[in-house]
Amino acid sequence: MCGIIGYLGTREAYPLLIKGLKRLEYRGYDSAGIAVLNGSLSVYKKMGKVAVLEHYASGEKVDGNIGIGHTRWATHGIPSDLNSHPHLSNSGRLAIIHNGIIENYEVLRTELMAEGYVFHSDTDTEVLVNYFESVLLAEPNRAISEVISIALRRVTGSYAIVVLDHQNPDILIAARKGSPIVIGKGAGEFFISSDVNAIVEHTRDIIYPMDGDVIALTKNTIMVRNLEGGQWYVPEIKVVTNAVEELEKGGYASFMLKEINDQPVSIANCLAGRIDINGSRVVLPELDLFFPDINAVKRIIFVACGTSYHASLYAGYLIESMAGIRVQAEYASEFRYRDPVIDGSDLVVAISQSGETADTIAAVELAKQRGAGILSLCNVAGSSIPRLSSATIYLQAGPEIGVASTKAFTTQVTAVLLTTIYLADKKGKLTEERRKELLGGLQAVPELVRQAFALNDQVAAVAKRIKDAPTILFLGRGIGFPVALEGALKLKELSYIHAEGHPAAEMKHGPIALIDAHTPVVFIATQGPLYEKLLSNMQEVKARKGIIIAIVSTGDVRAKELADHCIEIPAVEEALLPIVAAVPLQLLAYHTASLLGHDVDQPRNLAKSVTVE
Ligand code: AGP
């Protein structure tokens, strides 16, 4: 999941590319590079973040109105200067940037080496650009756009590429298959990017190429054609409304802290317009069109990854108990390869903040091929997963830049709860009184989340206590179990401390062996049907000298007798627990990582959108 950016127009390309790369850095930050064409091709690329590249190129005269840039998350080849993009063809004529994985690159490299090509990096991308060059030499009379189309027909895997051709200084060629690309049209200029946030400050006129499209750009024209041939055509332009200020930190030290604090607003935005004025019904026109007959749906299968998978688990608990529909939650990466039994009576729901997670896309494509209906819960309009869906419920959370999902999770849970109430109502499972009670509770959640911010200092103190722990357990029961998984994921991805989430009852089946006087155990132990059993689990940890951190309902006294630290959150009914309990868990991960000196927005080895499998 790298970030790609291209510019062609009348302005100096370099500053626009660098700024675009900084906006894309959350997609991958192992290395960065740019190439600008102005008579000659200037290429600067360095391991490390964009700031390192900027320093490296400072003092250089990098002028020109056409260029490409790249932030890398390493797939083939370690992070290094040599493996950084852009990559040049052997003759130096072509420069390429690439997001994706070329699966048949070894076959191509062997052929090219036999033709005398040499390779300086370990990347599949350098093979691709030299393959383009070999086709170019074999077809000298064809336009570069044709040559790239011919070459790509033999390429397998995923790609979002932009190619600069030294001998065609007025054209950029782009292509996508399985990785995202958007095109921004300005006055006498075009931008190419992995996502709209990197270019929306320059233009709101956006083109969304489809998989298999090849795009030929000059500063005044854009033509698109499918890889397999057909006519070149001028694509449709959509106007986006993304707010640019949402792409800034807004005075916060990090995007993550900003997005944690965004949550009262993002949850309110997710609810906006989706509860009727009497507070008694969910209004989801996206589903009205989609669910002609809810009784035709015999099973709902959620497919997702990471945090979105945790929201899917929550959905499973809730929909079965509230709407009486069979539900299973699946890791998309497993689902796509296990030859699942699916038919037209199944509804597959993809949950994805980015809408570009490769495994989730593939799971949806498989389900679609086998006849299932497709619904998605997503935060990015125009991204790949909504385009594969019959209907999409947008989270309306605003851009989430921090790699660790925070407001995405709480708005996913919000959207799941709205959908559940909608389905339960359709199935006649909810009285009006119960609907009003649930929706009233949901509408009160933004304020409860705001109240939870008051826990910040207490949670920061707990972070000091656990920051040197060798491992940390997160335990919960029922709907508290997905919350425990989410807390463990937040902590591990930011602090790099090994953390595991388990159903609390599972502790005795193995994880209890991890517990000693150095082991913090975080319990999601709010009031609920399994509270007594959670207290027993706490006793088991205490008996082994574990350090107990308990997230409890305000006023709880019994857990206080057992826990070393009690974090009290407002008492809410179980269905709302994940939203409110998420806040102290997010803060715990944030403070622990900060104490350890880690970059909370761009934690090591991770990237925001996993667009490769
Ligand atoms: C969670 O903090 C991570 N950002 C990661 O697990 C993420 O949830 C996962 O990659 C799925 O991303 P998606 O929601 O964009 O599909």
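Preceding this paragraph is the structure being described.
As a convention, each chain's residues are numbered from 1 in the sequence order in which they are written. Residue-level local features of this predicted model are given only where pLDDT is at least 70; pairs of side-chain atoms are given and counted only at 80 or more, and the full residue set underlies all totals for whole chains, interfaces and linings. The side-chain numbers reported here are obtained from all heavy atoms of the structure, hydrogens and water having been left aside.

Engineer: Sorry, what's going on with the overall build of the chain here?
Structural biologist: Secondary structure counts use DSSP, requiring at least four H or I residues in a row for a helix and at least two E residues in a row for a strand, with both numbered from the N terminus. Secondary structure summary: the chain contains 18 helices and 25 strands in total. For the chain, the C-alpha radius of gyration of 25 Å lies close to 25 Å, the compact-globule estimate for 613 residues. For the C-alpha atoms alone, the extent of the chain along its principal axes is close to 80 × 55 × 45 Å. Only protein chains enter the accessibility calculation, which uses a 1.4 Å probe; a residue whose area is less than 20% of its type maximum is buried, one above 50% is exposed, and one in between is partly exposed. Taken over 613 residues, the chain has a buried fraction of 62%. Between two residues, a contact is recorded if the distance between any of their heavy atoms is within 4.5 Å. Residue pairs at least 24 apart in sequence account for 71% of intrachain contacts in the chain once pairs closer than 6 positions are excluded. Here the Shrake-Rupley method, with its probe set to 1.4 Å, supplies the accessible areas, and only the displayed protein chains count as covering residues. For the chain, the accessible area works out to roughly 22,400 Å², and carbon and sulfur atoms hold 52% of it. Asp and Glu count as negative and Lys and Arg as positive, but His and the ends of the chain are not part of the count. A single reference atom marks each charge: NZ on Lys, CZ on Arg, CG on Asp, CD on Glu. Of the charged side chains in the chain, 57 are positive and 69 negative; the average position of the first set lies 2 Å away from that of the second. Between the two quantities, the radius of gyration covers C-alpha atoms and the globule rule is 2.2 Å times the number of residues to the power 0.38.

Engineer: So what exactly am I meant to see when it comes to the site of the ligand here?
Structural biologist: Nearness here has a simple test: a residue counts as near a molecule or strand if at least one of its heavy atoms is within 4 Å of that partner. Contacts to the ligand come from 15 residues, most closely from Ser 308, Ser 352, Thr 357, Val 403 and Glu 493. Protein burial of the ligand: of its 410 Å² of free accessible surface, 93% is covered by the chains. Detection works on a 1 Å grid of protein atoms alone, calling trapped sets that fit a 1.4 Å probe cavities and calling open sets with protein on both sides within 12 Å along at least five of seven lines pockets, with lining residues defined by an atom within 4 Å of a point. In this scheme, a molecule is assigned to a cavity or pocket if more than half of its atoms are within 2 Å of the grid points. With respect to the detected pockets, the ligand is housed in the second largest pocket. Elements with a minimum of two residues in the shell around the ligand: α8 (306-323) and α15 (480-495). In the shell around the ligand, the residues fall into five nonpolar, eight polar and two charged. By the convention adopted, Pro, Cys, Tyr, Trp, Phe, Met, Ile, Leu, Val and Ala count as nonpolar, Lys, Arg, Asp and Glu as charged, and the other residues, Gly among them, as polar.

Engineer: Looking at this model, I keep getting lost on the sheet that holds strand β10 (residues 189-193). Mind explaining?
Structural biologist: Remark on secondary structure: sheet strands pair via backbone hydrogen bonds, oriented parallel or antiparallel. Two strands are counted as paired when DSSP detects at least two bridges linking them. Taking strand neighbours across the sheet as the criterion, the eight strands line up as β3-β2-β4-β1-β10-β9-β11-β15 in an open arrangement whose pairing is antiparallel. At either margin of the open sheet sits one strand with a lone partner, and together these are β3 (40-47) and β15 (238-239). Under this scheme, a helix contributes an axis fitted over its contacting stretch, all axes are lines through C-alpha atoms, and angles between N-to-C directions fall in the 0 to 180 degree range. Sheet strands in contact with helix α1 (residues 13-24) are β1 (3-8), β2 (31-38), β4 (66-72) and β10, and its direction is about 155° off that of β1. Against the sheet, helix α2 (residues 50-57) contacts β2, β3 and β4, and its axis sits at roughly 135° relative to β3.

Engineer: Please clarify how the packing of aromatic side chains should be interpreted in this entry.
Structural biologist: What characterises a pair of aromatic rings is the spacing of the ring centres plus the angle enclosed by the ring planes. The criterion for an aromatic pair is that two Phe, Tyr or Trp rings (for Trp, the six-membered ring) have centres within 6.5 Å, with stacked assigned to planes under 30 degrees apart, edge-to-face to planes over 60 apart and tilted to the rest. Summed over the entire model, instances satisfying the criterion amount to three aromatic pairs. With a centroid separation of 5.1 Å and an interplanar angle of 55°, the aromatic rings of Tyr 7 and Phe 191 are classed as tilted. Taken together, the residues span a long stretch of sequence, with Tyr 7 in strand β1 and Phe 191 in strand β10 at a distance of 184 residues. Of the two residues examined, Tyr 7 and Phe 191, each falls in the buried class. Plain terms: the ring middles of Tyr 309 and Tyr 331 are 3.8 Å apart, the flat faces sit at 20° to each other, and that makes the pair stacked. You can see Tyr 309 sitting in helix α8 and its partner Tyr 331 sitting in strand β17 (residues 326-331), a full 22 residues away along the chain. Assessed through its relative accessible area of 10%, Tyr 309 is described here as buried. According to the relative accessible area criterion, Tyr 331 is partly exposed, its value standing at 40%. Sitting over the ring of Tyr 56, Lys 46 keeps its end group 5.0 Å from the ring centre. In this analysis the charged atom, NZ for Lys or CZ for Arg, is taken to sit over a ring once it is within 6 Å of the ring centre and within 35 degrees of the ring normal.

Engineer: Mind showing me how you'd approach empty space enclosed by the protein here?
Structural biologist: Over the atoms rolls a probe the size of a water molecule, and in doing so it shows where empty space is left. Grid points are joined across faces, edges and corners, and a volume is the space filled by probe spheres set on the points. Applying the stated criterion across every chain, the model contains four cavities of 30 Å³ or more. Of the voids in this model, the largest cavity is the one considered here, and its volume is about 100 Å³. Taken together, Arg 477, Gly 480, Ile 524, Thr 526, Gln 527, Gly 528, Pro 529, Leu 530, Tyr 531, Leu 534, Glu 574 and Leu 577 make up the full set of residues lining the largest cavity. Looking at side-chain class alone, the lining of the largest cavity contains six nonpolar, four polar and two charged residues.

Engineer: Just checking my understanding: could you explain the environment of Ala 488 for this structure?
Structural biologist: Note on placement: Ala 488 falls in helix α15. We classify Ala 488 as buried; its relative accessible area is 1%. Through-space distance from the C-alpha of Ala 488 to that of Leu 585 is 8.5 Å; in sequence the pair is 97 residues apart. Here Ala 488 is in contact with Phe 474, Ala 499, Glu 500 and Gly 501, once residues within four sequence places are set aside.

Engineer: Honestly, the packing of helix α14 (residues 456-466) against helix α18 (residues 577-595) in this entry has me stumped. Any pointers?
Structural biologist: If you want to describe how two helices pack, look at the angle between their axes and the distance between the axes. Packing of α14 against α18 leaves a shortest axis separation of 8 Å and a crossing angle of 50°. Regarding the angle of α14 to α18, the classification is oblique. Judged by the twist between their axes, the crossing of α14 over α18 is right-handed. Contacts from Asn 456, Val 459, Ala 460, Val 462, Ala 463, Lys 464 and Ile 466 in α14 reach Pro 584, Leu 587, Leu 588, His 591, Thr 592 and Leu 595 in α18. A per-class count over the contact of α14 with α18 returns nine nonpolar, three polar and one charged. An angle counts as roughly parallel when it lies under 35 degrees, as roughly antiparallel when it exceeds 145, as roughly perpendicular when it falls between 65 and 115, and as oblique in every other case. Crossing handedness is read from the near helix: turned anticlockwise from the far helix by less than a right angle, it gives a left-handed crossing, and turned clockwise, a right-handed one.

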